[in-house]
Amino acid sequence: ATPMILVLGSTAASRDGAEADAADADTPSPARPMDITADPTDARHVYVVWDRLVAGNGGGPTWFARTTDGGATWEAARPIRDPGPGNQTIGNVIVVLPDGTLVNAFNELVGDAPTTATIRIIRSSDKGATWSAPITVATLLAIGVFDPDSQLPIRDASLLPAVGAATVVETLAP
């Protein structure tokens, strides 16, 4: 079992006192926003999901970790959605449906098209052990914000699905 990891500034410390670099791809950090979801159907389960960019335009897969024993131990982090080289996921949010099914909602960006994204979900009916293929919910055509002088795009939150994730999931609930 993997020891629980707590992020403390720029160093992650495990429960057994070992230290690890918080920039490690397998460790969420303040520089790598994450979504933490407690399972309302089973208090022993907590899920963490985040996206990470791979250097050299290698893409941005969705990473996932969970505890099944109330945080005493954590499973090793692993990718659950890899959109391929040059593509990335962003804004991952996990919601637990009343029947215990996990739904991870996210936006998937393809290549260098900063104003086009696909809103997608993946589902897990076994508390995160396995995940479905992605299901496309809609195409997001965010206009975003542009510098009025240079007309270059300015990074904003227009491609993040967090606000609408609960609505998407509610629509899918039985």
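Look above for the structure.
Scoring rules and cut-offs
Residues numbered from 1 in each chain as written. Predicted model: local features only at pLDDT ≥ 70, side-chain atom pairs only at ≥ 80, totals over all residues. Heavy atoms only, no water. Helix = DSSP H or I, 4+ residues; strand = E, 2+ residues; numbered from the N terminus. Buried < 20%, exposed > 50% of the residue type's maximum accessible area, 1.4 Å probe, protein only. Contact = heavy atoms within 4.5 Å. Core = buried A, V, L, I, M, F, W, Y, C linked by side-chain atoms within 4.5 Å. Phe/Tyr/Trp six-rings, centres within 6.5 Å; stacked < 30°, edge-to-face > 60°. Salt bridge = Lys/Arg side-chain N within 4 Å of Asp/Glu carboxyl O. Pairing = 2+ DSSP bridges. Axes fitted to C-alpha atoms, helices over the stretch in contact; angles between N-to-C directions.

Student: Looking at this model, I keep getting lost on the overall build of the protein. Mind explaining?
Tutor: Along the backbone of the protein there are 1 helix and 13 strands. Along the protein, helices (α) and strands (β) appear in the sequence β-β-β-β-β-β-β-β-β-β-β-β-β-α when read from the amino end. Considering the protein as a whole, with its 174 residues, one finds that 43% of them fall into the buried category. Within the protein, residue pairs in contact and separated by at least 24 positions form 40% of the contacts whose partners lie at least 6 positions apart.

Student: Just checking my understanding: could you explain unusual backbone geometry for this structure?
Tutor: Backbone phi values are negative for most residues with the exception of glycine, while trans is the configuration of most peptide bonds. The backbone of Lys-127 shows a phi angle near 60 degrees, a positive value even though the residue is not glycine. Take Lys-127: it is sitting in the loop between strand S10 (117-124) and strand S11 (135-140). For Gln-151, which is not a glycine, the phi torsion comes out positive at approximately 65 degrees.

Student: What is the right way to read the nonpolar core from this model?
Tutor: If you look at soluble globular proteins, the nonpolar side chains tend to sit buried side by side. One finds Tyr-47, Val-49, Phe-64, Ile-80, Ile-94, Val-96, Leu-102, Phe-106, Ile-122 and Trp-131 forming the largest nonpolar core, which totals 10 residues. Counting only elements with at least two residues in this core, the list comes to strand S5 (46-51), strand S8 (88-96) and strand S9 (102-109). Beyond its immediate stretch of four places on either side in the chain, Val-49 contacts Met-34, Asp-35, Thr-62, Trp-63, Ile-80, Asn-92, Val-93, Ile-94 and Asn-104.

Student: Would you mind showing me how to read the packing of aromatic side chains here?
Tutor: For any pair of aromatic rings, geometry is given as the distance between the ring centres together with the angle between the planes. Overall, the coordinates contain 2 aromatic pairs when judged by the stated rule. For the ring pair Tyr-47 and Phe-64, a centre distance of 6.1 Å and an interplane angle of 20 degrees mean the geometry is stacked. Taken as a pair, Tyr-47 in strand S5 and Phe-64 in strand S6 (residues 62-67) lie far apart in primary sequence, 17 residues in all. Take Tyr-47 and Phe-64: they sit in the same class, and that class is buried. Ring centres of Phe-64 and Trp-131 lie 5.3 Å apart, and the angle between their planes is 75 degrees; this geometry places the pair in the edge-to-face category. Placement of the pair is Phe-64 in strand S6 and Trp-131 in the loop between S10 and S11, with a sequence separation of 67 residues. Taken as a pair, Phe-64 and Trp-131 share a single burial class, namely buried. Among the aromatic side chains, those forming a connected cluster through ring pairs are Tyr-47, Phe-64 and Trp-131.

Student: What am I meant to see in the pattern of salt bridges here?
Tutor: Side chains carrying opposite charge are able to pair once their charged atoms draw close together. Tallying each qualifying case throughout the model produces 5 salt bridges. Among the salt bridges present, the one from Asp-39 reaches Lys-127, with a minimum N-O distance of 2.8 Å. With Asp-39 in the loop between strand S4 (34-38) and S5 and Lys-127 in the loop between S10 and S11, this residue pair connects regions lying 88 residues apart in the sequence. You can call Asp-39 buried: its relative accessible area is 4%. Close ionic contact of Arg-120 with Glu-108 constitutes a salt bridge, the shortest N to O distance being 2.9 Å. One end of the pair, Arg-120, is in strand S10; the other, Glu-108, is in strand S9, and 12 residues separate them in sequence. Both residues of the pair, Arg-120 and Glu-108, count as buried. The structure contains a network of salt bridges with shared partners spanning Arg-81, Glu-108 and Arg-120.

Student: Just checking my understanding: could you explain the sheet that holds S4 for this structure?
Tutor: Pairing between the strands of a sheet is mediated by backbone hydrogen bonds and can be parallel or antiparallel. In spatial order, the strands read S4-S5-S6-S7; together these 4 strands make up an open sheet with antiparallel pairing. One side of each edge strand has no neighbouring strand; the edge strands of this open sheet are S4 and strand S7 (78-81). Put simply, the sheet's adjacent strands are angled 30 degrees from each other on average, direction ignored. Where S4 and S5 come together, 5 bridges link them in antiparallel fashion. For Met-34, the partnering residue across the bridge sits in S5 and is Trp-50.

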